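Listed here are the chains, written in short residue letters.
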Amino acid sequence: MMAKFEDLRVKSDDQLSADLAELKREQFNLRFQGATNQLERPARIKEVRRDIARIKTLQTERTQSAKA
């Protein structure tokens, strides 16, 4: 898990925003698949949700450090 967070740290703000948009789109699709009982990997919902949280945490850290 920490390796994944460290991989995100080296990305630029634009790359993080693009990744976040892609993950949100995937999250929407997974929710839709779950509602129609077509979801193959239910655990993927949790993974995507946590990846979104990691990116948002990193963006918040960068915003806070820029203000200080």
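All values reported here derive from a predicted model rather than from experimental measurement.

Draft legend 1. Region of the structure containing the packing of helix 1 (residues 2-9) against helix 3 (residues 43-67). For the pair helix 1 and helix 3, the least separation of the axes is 10 Å and the interaxial angle reads 50°. Considering their axes alone, helix 1 and helix 3 lie oblique with respect to each other. Crossing hand, helix 1 versus helix 3: right-handed. Where helix 1 abuts helix 3, its residues Lys4, Phe5, Leu8 and Arg9 lie against Asp51, Arg54, Ile55, Leu58, Glu61 and Arg62. Of the residues that constitute the contact of helix 1 with helix 3, the class distribution is 4 nonpolar, no polar and 6 charged.

Draft legend 2. Representation of the confidence of the model for the protein within the structure. For the protein, per-residue confidence averages 94 on the pLDDT scale, and residues scoring 70 or more make up 99% of the total. Looking at the elements of the protein, mean pLDDT is at its lowest for helix 1, recorded as 86, and at its highest for helix 2 (residues 13-35), recorded as 97.

Draft legend 3. Here's a closer look at the nonpolar core. In this structure, Phe5, Leu8, Leu16, Leu20, Leu23, Leu30, Val48, Ile52, Ile55 and Leu58 together form the largest nonpolar core, which totals 10 residues. Among the elements of the structure, helix 1, helix 2 and helix 3 are those that each provide at least two residues to this core. Other than its neighbours up to four places away in sequence, Ile52 contacts Leu20, Leu23, Lys24 and Gln27.

Draft legend 4. How the structure looks around the side chain of Asp51. Structurally, Asp51 is set in helix 3. At 3.2 Å, the side chain of Asp51 forms a polar contact with the side chain of Lys4. Beyond its immediate chain neighbours, meaning those up to four positions away, Asp51 contacts Lys4, Leu23 and Arg44.

Draft legend 5. How the structure looks around the pattern of salt bridges. Taken as a whole, this structure holds 9 salt bridges when the rule is applied. Here Arg54 ties to Asp51 by a salt bridge, and the two come within 2.6 Å at their closest N and O atoms. Of this pair, Arg54 and Asp51 both sit in helix 3, 3 residues apart, which is roughly one turn of the helix. Neither residue differs from the other here; Arg54 and Asp51 are each classed as buried. The network of salt bridges with common partners includes Glu26, Arg41, Arg44 and Glu47.

Parameters and conventions
Residues numbered from 1 in each chain as written. Predicted model: local features only at pLDDT ≥ 70, side-chain atom pairs only at ≥ 80, totals over all residues. Heavy atoms only, no water. Axes fitted to C-alpha atoms, helices over the stretch in contact; angles between N-to-C directions. Helix = DSSP H or I, 4+ residues; strand = E, 2+ residues; numbered from the N terminus. Parallel < 35°, antiparallel > 145°, perpendicular 65-115°, else oblique. Left-handed = near helix turned anticlockwise from the far one by under 90°. Contact = heavy atoms within 4.5 Å. Nonpolar A, V, L, I, M, F, W, Y, C, P; charged D, E, K, R; others polar. pLDDT = per-residue confidence, 0-100. Core = buried A, V, L, I, M, F, W, Y, C linked by side-chain atoms within 4.5 Å. Buried < 20%, exposed > 50% of the residue type's maximum accessible area, 1.4 Å probe, protein only. Polar contact = N/O pair within 3.5 Å; in protein donor to acceptor, adjacent residues only side chain to side chain. Salt bridge = Lys/Arg side-chain N within 4 Å of Asp/Glu carboxyl O.

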